[in-house]
Amino acid sequence: MSVPTLHMSLRGTHLLDTPIFNKGTAFTDDERTAFGLHGLLPLQIESLGEQSSRAYEAYRRKTDDLERHIYLRALQDTNEILFYRLLNDHIEEMMPVVYTPVVALGCQQFSRIYRRPRGLFVSYPLRASIPSLLRNRPHQDVDVIVLTDGERILGIGDQGAGGMGIPIGKLSLYSLIGGIHPARTLPVVLDVGTNNEDRLKAPEYLGWRHERITGDAYYEFVDLFVQAVKHELPQTCLQWEDFANPHARPLLDRYRDQLLTFNDDIQGTAAVVFGALTGAIKVSGRSWKDQQIVFFGAGAAAIGVADYLRMALVDSGLSVEEARSRFWIVNRGGILHADRTDLAPEQRVYAQPVERFATWPRTSSGSIGLDTVIRNVDATILIGLSTLGGAFTESIVREMAHKVDRPIIFPLSNPTDRCEAIPEDLMRWTDGRAIIATGSPFAPVDFAGRKFSIAQCNNVYIFPAVGLGLIASRARRVTDRMMMAAGRALGENSPALSDSTAALLPSLKDLRTIARHIAFAVGAEAQHVGVAQPTSPEELRHLIAATQWTPEYPHLVEAKP
Ligand code: NAI
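Residues numbered from 1 in each chain as written. Predicted model: local features only at pLDDT ≥ 70, side-chain atom pairs only at ≥ 80, totals over all residues. Heavy atoms only, no water.

*Asks:* Outline the site of the ligand, supporting the account with residue identities and numerical values.
*Replies:* Taken together, the neighbourhood of the ligand is formed by 21 residues, with Ala298, Ala301, Ser386, Asn414 and Cys457 sitting nearest. Between alanine 298 and the ligand, the recorded distance is 2.8 Å, taken from a backbone N or O atom to an oxygen atom. Grouping the constituent residues of the shell around the ligand by class yields 8 nonpolar, 11 polar and 2 charged. (Near = heavy atom within 4 Å. Polar contact = N/O pair within 3.5 Å; in protein donor to acceptor, adjacent residues only side chain to side chain. Nonpolar A, V, L, I, M, F, W, Y, C, P; charged D, E, K, R; others polar.)

*Asks:* Lay out the nonpolar core with the relevant residues and their values.
*Replies:* By size, the foremost hydrophobic cluster in this structure holds 109 residues, and its most contacted members are Leu72, Phe295, Leu309, Ile383, Phe410 and Leu470. Counting residues per element, this core draws most heavily on helix H14 (residues 264-284), which supplies 9 residues. Within the second largest apolar cluster, 32 residues are counted, among which are Val142, Leu186, Phe243 and Ile266. (Core = buried A, V, L, I, M, F, W, Y, C linked by side-chain atoms within 4.5 Å. Buried < 20%, exposed > 50% of the residue type's maximum accessible area, 1.4 Å probe, protein only. Helix = DSSP H or I, 4+ residues; strand = E, 2+ residues; numbered from the N terminus.)

*Asks:* Now, about the packing of H14 against helix H15 (residues 300-315): what can you tell me, with residues and values included?
*Replies:* At a closest axis distance of 8 Å, the pairing of H14 and H15 adopts a crossing angle of 50 degrees. Compared by their axis directions, H14 and H15 come out oblique. Judged by the twist between their axes, the crossing of H14 over H15 is right-handed. Contact residues: H14 offers Gln267, Thr269, Ala270, Ala271, Val273, Phe274 and Leu277, while H15 offers Ala301, Gly304, Val305, Tyr308, Leu309 and Ala312. Split into classes, the residues belonging to the contact of H14 with H15 amount to 10 nonpolar, 3 polar and no charged. (Axes fitted to C-alpha atoms, helices over the stretch in contact; angles between N-to-C directions. Parallel < 35°, antiparallel > 145°, perpendicular 65-115°, else oblique. Left-handed = near helix turned anticlockwise from the far one by under 90°. Contact = heavy atoms within 4.5 Å.)

*Asks:* Lay out the sheet that holds strand S9 (residues 334-335) in plain terms, naming residues and giving numbers.
*Replies:* The sheet built from 7 strands is open, its strands ordered S9-S8-S7-S10-S11-S12-S15 with mixed pairing. Every interior strand has two partners, whereas the edge strands, S9 and strand S15 (455-456), have only one. Those strands touched by H15 are strand S7 (293-296), strand S8 (327-331) and strand S10 (381-384), and its axis lies near 175 degrees from that of S7. (Pairing = 2+ DSSP bridges.)

*Asks:* Outline the packing of aromatic side chains, listing residues and values.
*Replies:* Under the defined criterion, the tally for this structure stands at 17 aromatic pairs. Pairing phenylalanine 357 with tryptophan 360 gives two aromatic rings, centres 5.3 Å apart and planes at 45 degrees, and the pair type is tilted. Its relative accessible area of 11% is what places tryptophan 360 among the buried residues. Chaining the aromatic ring pairs together yields one cluster made of Tyr56, Tyr59 and Tyr71. Across from the ring centre of phenylalanine 463, 4.3 Å away, lies the NZ or CZ of lysine 170, which sits over that ring. (Phe/Tyr/Trp six-rings, centres within 6.5 Å; stacked < 30°, edge-to-face > 60°. Lys NZ or Arg CZ within 6 Å of the ring centre and 35° of its normal.)

*Asks:* Before we move on, could you go through the sheet that holds strand S2 (residues 120-123) and cite the residues and values that matter?
*Replies:* The sheet built from 5 strands is open, its strands ordered S2-S4-S3-S5-S6 with parallel pairing. The sheet is open, and its two edges are formed by S2 and strand S6 (261-263), each paired on a single side. For this sheet, the mean angle separating the axes of adjacent strands, direction not counted, is 20 degrees. Direction of pairing for strand S5 (residues 237-240) relative to S6: parallel, over a ladder of 3 bridges. Pairing of glutamine 239 across the sheet is with phenylalanine 262, part of S6. Most of the contacts of helix H13 (residues 245-255) go to S6, to which it runs at about 160 degrees, and overall it touches S5 and S6.

*Asks:* Run through the pattern of salt bridges, naming residues and quoting values.
*Replies:* Enumeration according to the criterion identifies 31 salt bridges in this entry. For lysine 170, the salt bridge identified is with glutamate 241, shortest N-O distance 2.7 Å. Separated by 71 residues along the polypeptide, lysine 170 in helix H10 (residues 165-178) and glutamate 241 in the loop between S5 and H13 bring together distant segments of the chain. The exposure class of lysine 170 is buried, given its relative accessible area of 2%. Residue class for glutamate 241 comes out buried when judged on its relative accessible area of 2%. Aspartate 315 is paired through a salt bridge with arginine 488; the nearest N and O atoms lie 3.7 Å apart. On the criterion of sequence distance, the pair formed by aspartate 315 in helix H15 and arginine 488 in helix H22 (residues 480-492) is long-range, its members being 173 residues apart. (Salt bridge = Lys/Arg side-chain N within 4 Å of Asp/Glu carboxyl O.)

*Asks:* Help me get a handle on the pairing of strand S12 (residues 435-438), residues and values and all.
*Replies:* Of the two faces of S12, the one carrying Ile435 and Ala437 and the one carrying Ile436 and Thr438 are both buried. Pairing between strand S11 (residues 408-411) and S12: 2 bridges, direction parallel. Residue pairing across strands places isoleucine 409 opposite isoleucine 436, the latter belonging to S12. One crossover worth recording links S11 to the parallel S12 by way of helix H20 (residues 423-429), and it is right-handed. (Right-handed = clockwise from strand over helix to strand, strands pointing away.)

*Asks:* Got a sec to walk through helix H3 (residues 48-60)? Specific residues and values, please.
*Replies:* Helix length check: H3 (13 residues) gives 18 Å between terminal C-alpha atoms against 18 Å at 1.5 Å per residue, within 8%. If you check which residues of H3 are buried, you get Leu48, Gln51, Ser52, Ala55, Tyr56, Ala58 and Tyr59. In an axial view of H3, the angular spread of the buried residues amounts to 160 degrees, which keeps them on one side of the axis. Exposed and oriented more than 90 degrees from the buried face of H3 are Glu57 and Arg60. (Expected span 1.5 Å × (residues − 1). Arc of directions from axis to C-beta.)

*Asks:* I'd love a proper account of unusual backbone geometry, names of residues and values included.
*Replies:* Residue threonine 100 is joined to proline 101 through a cis peptide bond whose omega torsion reads 5 degrees. With omega at -15 degrees, the peptide bond leading from asparagine 414 into proline 415 counts as cis. Mapped onto the elements of the fold, proline 415 is located in the loop between S11 and H20. Positive phi, close to 55 degrees, is recorded for aspartate 242, a residue that is not glycine. Position of aspartate 242 among the secondary structure elements: in the loop between S5 and H13. The residue aspartate 431 is not glycine, and still its phi comes out positive at about 55 degrees. Residue placement: aspartate 431 occurs in the loop between H20 and S12.

Okay, here's the thing in structure tokens:
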């Protein structure tokens, strides 16, 4: 591959202090002469690979996860290309350190470990000047913004301005896997205050010391930012991240038809689970229209997933009503049914007429629980998004497996102690017939002398690839059909289709390649629904390959004054 050339106007320490251009010890002799770097660097000239090996040794000497996270963030703020090369060389080891779960520690400790500025802090007291804040962004051309208000960070809740760790970590994965050039990404935190007492009391807290803004004032503030993006960066993808449930869906619904935008917690989750199920259904040998689907949990994640599965059932030939009748969703109050008065509109879609279970036994409080549903329905798919660890008991799983040859069981709640069942038990209780994916990572399971890998439904399979597809196809909107196309492409690349002991989802080291397939599906669907300019399939593939950036140093030449 030929080395790209970059015209550079920075010199000396300014060049060394600019992480996106700095090559450190890899500046060549010619470059050191041209940019006044002789003497500012040790004599030895290293290749990017040699630098990566040396950086890895330093990384290995760190003694805990937070130290490893700080080390990688510091490298990102010193030499960005080396940071990505190192990540690429050790993707399986380092992804959990730059992103979940370790990034949660990074957010909690944000104000203590803060070193250099990155991204944009859009703080409520500066609301009168949001367009000019946006114009202060470090790089003019932006392909992807990841935006959070820090209210629902992973499993650790409200982190205020410390939530900035999430957009930074997430955009690292857009660049690493999707190949979105790091200089074309922008992490943003909307600092609307925090209700986290620990943060408010901490002397080192760097965010706005104020309780959260709510109601109309909150929505008006968010709107000021979105309008500024629409005006200043009309082609940029705006991805919503870790907003609290009461805000997440209203914001998505309000803006999805106004600009290129999606919510990864809602749509990315739904797409990855849909993708894993697409693979699982193929492995099971049944078709979509033969499924009976039981959910345990009816929260934001569960309803988002159910909506995509419902569309897939309709695509398979079922009527809208028939598709709806295939869902048996259970939450704290038991099965969702038409007589319940506590359901949100998006849950009510799945409420079954009570006549369907008139003869089923009820608990003392009058509800119908998961065990009863499994006893009375020939469930083919059981999905847990409930946060209730151990909810898929031995008797429930054995009952399901008694009635179906290849039960598809996805205990997706996080973290590990909330998982509805652990894969080892599921394999034992189903004599190795269960087709499994989890929300948390699990080691391979030994069963009957064979080792079975377990897929983790991680959104990282989807969002970087979706970003690549949006940018390469120059899409103007993100539709649910585009997200489903991403999931379907992921499922079609399931390793379990050709190897019965392999995981349902690909290994992380194959993600950059898989991302191109997913991006193609996203771009093709965008063209199909008219939100992107049509091209030939070859042209779209070419655009995707050309957009997917690989971490390598360009050859720097002096810019003409
Ligand atoms: P949520 O709080 O909106 O929903 C939880 C649901 O579970 C509610 O419907 C609640 O009624 C139900 N529930 C809780 N305890 C119950 C009990 N004892 N009996 C019956 N139902 C009960 O939470 P959200 O955002 O929907 O997330 C749920 C879980 O899914 C979390 O553990 C989260 O970590 C996990 N998750 C996993 C993802 C993945 O694997 N990629 C993606 C998104 C979420």
